[in-house]
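Coordinate inspection notes
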Amino acid sequence: QNSYSLVMRKDFEAGLAEACYHHNVGLLPYSPLAAGTLSGKYRDPEKIPENARLKQFPGFMDRYLGSLNERAVNKYCDLAAAHGLTPTELALSWCYHNEKVASTIIGATTMEQLDE
């Protein structure tokens, strides 16, 4: 069980993927939306609700925002829109199309997020 997403790939792909392949073990990744950043909901800092995880855990989200990671997330969001997908659909689809990903652990907090 590792964090695994479009922007958090190194830990699994740099070593565990080969072990999983040779031992026929699936990955059960958590945070396939990179703490919600790949959903696109944090793209506009002026529209981030006060109860968002981004604001509830100061410092935790620094690795996602104000970095190369943030630029990558914005490009992925643009790519999703260009293909008629939500950013969430693109990020989850990418994760599920890895043959070693058995399922994912998501942290949806609303029914709307689960529906998407």
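Worth saying up front: this structure is predicted, and the values here are computed from it rather than measured.

1. What about the pattern of salt bridges?
Within the structure shown, the criterion is met by three salt bridges. Close ionic contact of D78 with R43 constitutes a salt bridge, the shortest N to O distance being 2.9 Å. One end of the pair, D78, is in helix α3 (residues 68-82); the other, R43, is in the loop between α1 (10-23) and α2 (53-56), with 35 residues separating them in the sequence. Among the residues examined, D78 registers a relative accessible area of 42% and is labelled partly exposed.

2. Here's the deal with the environment of H23
Counting through the fold element by element, H23 comes out in helix α1. Along the sequence, H23 and K47 sit 24 residues apart, while their C-alpha atoms lie 45 Å from each other.

3. Section: helix α4 (residues 87-96)
What α4 keeps buried is the set P87, T88, L90, A91, L92 and C95. Those residues of α4 hidden inside the fold are in contact with α3.

4. Considerations on a nonpolar patch on the surface
Residues Y96, I106, M111 and L114 make up a contiguous nonpolar surface patch of about 420 Å² in total accessible area. Tracing the backbone shows M111 in helix α5 (residues 111-115).

5. Brief notes about the nonpolar core
One recurring pattern in soluble globular proteins is that nonpolar side chains are buried together. Residues L6, V7, L33, A34, A35, L38, Y64, V73, C77, A91 and L92 constitute the largest nonpolar core, which totals 11 residues. Those elements that place two or more of their residues in this core are α3 and α4. Not counting chain neighbours up to four residues away, the residues in contact with C77 comprise G40, R43 and P87. Of all hydrophobic cores here, the second largest spans six residues; its members include F12, C20, L27 and C95.

Conventions we followed
- Residues numbered from 1 in each chain as written.
- Predicted model: local features only at pLDDT ≥ 70, side-chain atom pairs only at ≥ 80, totals over all residues.
- Heavy atoms only, no water.
- Salt bridge = Lys/Arg side-chain N within 4 Å of Asp/Glu carboxyl O.
- Helix = DSSP H or I, 4+ residues; strand = E, 2+ residues; numbered from the N terminus.
- Buried < 20%, exposed > 50% of the residue type's maximum accessible area, 1.4 Å probe, protein only.
- Contact = heavy atoms within 4.5 Å.
- Patch = residues over 30% accessible without salt bridge, like charges linked within 9 Å, V, L, I, M, F, W, Y side chains within 5 Å.
- Areas by Shrake-Rupley, 256 points an atom, 1.4 Å probe, with all protein chains shown as cover.
- Core = buried A, V, L, I, M, F, W, Y, C linked by side-chain atoms within 4.5 Å.

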